[in-house]
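Descriptive structure summary
Single-letter residue listing:
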Amino acid sequence: PISRLARPTSMETAVHPDRPAGTCTVSSTSDSGANTLRQCLLDAVAGDEILFDPTTFHPGSPATISLASDLPWILVNDLTIDASDAGVILDGSSLPSGSLGLVLGSVSGVNLRGLQILGFTRGVVIGFGAANNTIGGDREIGAGPLGQGNLVSGNENTGIQLQDEGTDNNSIIDNFIGTDLTGSSADGN
């Protein structure tokens, strides 16, 4: 059994901007700085949509975001991270053992679409108290390699982990978990 994840102390005091919901477009493959996934997560407010610029993250030739540290936890409700019209690889293979890909805190209404999540200890963690979140979607919607579906593979321990208690009505739809991008060869977790 995997123990319940404790919320990181540094995130307990995270301050999100006071603004209406909007769109943040990731146009950089860098780990941090302007126009990065990390910055969009840090600046997120409830109802935001994080998209990926298809000129940087071309659907036919996915670009890799190689992470130097764990990404911030997702701590706002109704956030959509949508790479269904792009080609996005989140690579945690340079991180130490115990690294986490995308972690949903006690949130509701989060959607993760069209991502390739590779090389972490745990690819996606749906945390204690998280409810009504959706990982994946219709693979026929979007120009990316799996449309709204995700590829979660090659992770050291777990592809997608639901905490042992306190998670309700979460959906995991049309993803490839523990396979290659074609779904025909094993690349386990």
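What comes next is a walk through the structure. One numbering rule holds for all chains: residues counted from 1, following each sequence as written. Local features in this predicted model are restricted to residues of pLDDT 70 or higher, and side-chain atom pairs are both shown and tallied only at a pLDDT of 80 or more, whereas totals for entire chains, interfaces and linings draw on every residue. By convention in this description, side-chain values take in all heavy atoms of the structure and omit both hydrogens and water.

Here the focus is the sheet that holds strand β13 (residues 171-173). In short, DSSP must find at least two bridges between two strands for them to pair. Helix and strand definitions follow DSSP, with helices as H or I runs of at least four residues and strands as E runs of at least two, each counted in order from the N terminus. In spatial order, the strands read β1-β2-β4-β7-β10-β13; together these six strands make up an open sheet with parallel pairing. The strands lining the two open edges of the sheet, one partner per strand, are β1 (23-26) and β13. Going across the sheet, the axis of each strand differs from the next one's by a mean of 10 degrees, ignoring polarity. In this analysis an axis means a line fitted to C-alpha atoms, helices contributing only their contacting stretch, and an angle means the value between N-to-C directions, from 0 to 180 degrees.

A pair is scored as a salt bridge if a Lys or Arg side-chain nitrogen falls within 4 Å of a carboxyl oxygen belonging to Asp or Glu. Applying the stated criterion to the full structure yields four salt bridges. A salt bridge links Arg19 to Asp48, with the nearest nitrogen and oxygen atoms 2.5 Å apart. Here Arg19 is found in the loop between α1 (9-12) and β1, whereas its partner Asp48 is found in the loop between α2 (37-43) and β2 (49-52), with 29 residues between them in sequence. Exposure classes here rest on a 1.4 Å probe applied to the protein chains alone. A residue is buried below 20% of its type maximum, exposed above 50%, and partly exposed in between. The exposure class of Arg19 is partly exposed, given its relative accessible area of 34%.

Now for the environment of Pro20. Positionally, Pro20 belongs in the loop between α1 and β1. Overall, the relative accessible area of 68% leaves Pro20 in the exposed class. The contact rule is simple, with two residues in contact once any of their heavy atoms fall within 4.5 Å. Residues in contact with Pro20, not counting those within four places in the same chain, are Val45 and Asp48.

Right, let's get into the packing of aromatic side chains. Any pair of Phe, Tyr and Trp rings, taking the six-membered ring for Trp, is counted once the centres come within 6.5 Å. Such a pair is stacked with planes under 30 degrees apart, edge-to-face with planes over 60 apart, and tilted for the rest. Following the criterion strictly, the structure yields one aromatic pair and no others. Here the aromatic rings of Phe52 and Phe57 are separated by 5.5 Å at their centres, their planes lie at 85 degrees, and the arrangement is edge-to-face. Neither Phe52 nor Phe57 differs from the other in exposure class; each is buried.

Here, nonpolar core refers to any group of buried Ala, Val, Leu, Ile, Met, Phe, Trp, Tyr and Cys residues whose side-chain atoms link them within 4.5 Å. Of all hydrophobic cores here, the largest spans 35 residues; its most connected members are Phe52 and Leu90. Examining the composition of this core, we find that three residues originate from one element, α2, more than from any other. Ignoring anything within four residues of it in the chain, the contact list for Phe52 reads Thr25, Val26, Leu37, Phe57, Ile65, Ile81, Asp82, Ala83, Ala86, Val88 and Leu115.

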